[in-house]
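Architecture at a glance
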Amino acid sequence: MRSTPRPDKVAEVAQVRALLESSKGVIFTEYKGLTFAQVTMLRAKLRECNAEYHVVKNTLFRRAAEGLINGNLDDVLQGPVATAFMLGDEAACAKALTGLSKDLKTLAVRGTVLSGKLYPADTVNTLAKLPSRDVLIAQVVGGIQAPITGAVNTLNGIITGFVTTLQNIADEKSKTEAA
């Protein structure tokens, strides 16, 4: 048994820890049976939604995750596991992975970590059904904008009515003065 860890393993644990600290969440997948071309395509799709897909030894991942993840990783980290680190929109990444898992039958989602808490695999499907961050922001802005637009239209109607009334009074005055 080694008393000192190998420098390459220490560096890998540090890299995974840095990814865990900077990511919004993590999705664990079983990649057994995928070809190199399929994994490359998977990585490219995940890059589009600002996520990174890494294969990390389970023991090294456990060391990197110490103190960062609440939950027992033993059920998730068994056998060949690859991890998608979600650096961007979590819903977009979950949609990409669930879509790919339908196309690639051997790709299976094992679980996810959001805000440092471990959740079961079906949480990824729920997350994938959510609208993207941009759509949610647009919905909130639309919800805020609607009452303001209504108030502006109401005030505009009052002002237009007032100006029309003044114009009618002025027109009648000019008619009576001309007569």
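The coordinates are above.
All values reported here derive from a predicted model rather than from experimental measurement.

1. So, the sheet that holds strand 5 (residues 117–120)
Pairing is antiparallel across the open sheet formed by five strands, whose spatial order is 2-3-1-4-5. Whereas interior strands pair on both sides, the edge strands pair on one side only; in this sheet they are strand 2 (51–55) and strand 5. Across this sheet, the average inter-strand angle for adjacent strands is 25 degrees, counted without regard to direction. As defined by bridge partners, strand 1 (residues 25–30) adjoins strand 4 (residues 108–114) across six bridges and the pair is classed as antiparallel. The residue bridging Thr29 from the neighbouring strand is Val109, located in strand 4. Together, strand 2 and strand 3 (81–86) form the strand contacts of helix 2 (residues 36–48), whose direction differs from that of strand 2 by roughly 150 degrees. Strand contacts of helix 4 (residues 90–103): strand 1, strand 2, strand 3 and strand 4, with the helix running at about 10 degrees to strand 1, the strand carrying the most contacts.

2. Describing a nonpolar patch on the surface
Side chains of Leu155, Ile158, Ile159, Phe162, Val163, Leu166 and Ile169 sit close together on the surface and give an oily, nonpolar patch of about 710 Å² of accessible area. Mapped onto the elements of the fold, Ile169 is located in helix 6 (residues 133–178). With a relative accessible area of 48%, Ile169 lands in the partly exposed category.

3. Quick notes on the side chain of Glu30
Here Glu30 is to be found in strand 1. Residues within four places of Glu30 in sequence aside, it is in contact with Pro80, Thr106, Leu107, Ala108 and Arg110.

Conventions and cut-offs
- Residues numbered from 1 in each chain as written.
- Predicted model: local features only at pLDDT ≥ 70, side-chain atom pairs only at ≥ 80, totals over all residues.
- Heavy atoms only, no water.
- Pairing = 2+ DSSP bridges.
- Helix = DSSP H or I, 4+ residues; strand = E, 2+ residues; numbered from the N terminus.
- Axes fitted to C-alpha atoms, helices over the stretch in contact; angles between N-to-C directions.
- Contact = heavy atoms within 4.5 Å.
- Patch = residues over 30% accessible without salt bridge, like charges linked within 9 Å, V, L, I, M, F, W, Y side chains within 5 Å.
- Areas by Shrake-Rupley, 256 points an atom, 1.4 Å probe, with all protein chains shown as cover.
- Salt bridge = Lys/Arg side-chain N within 4 Å of Asp/Glu carboxyl O.
- Buried < 20%, exposed > 50% of the residue type's maximum accessible area, 1.4 Å probe, protein only.

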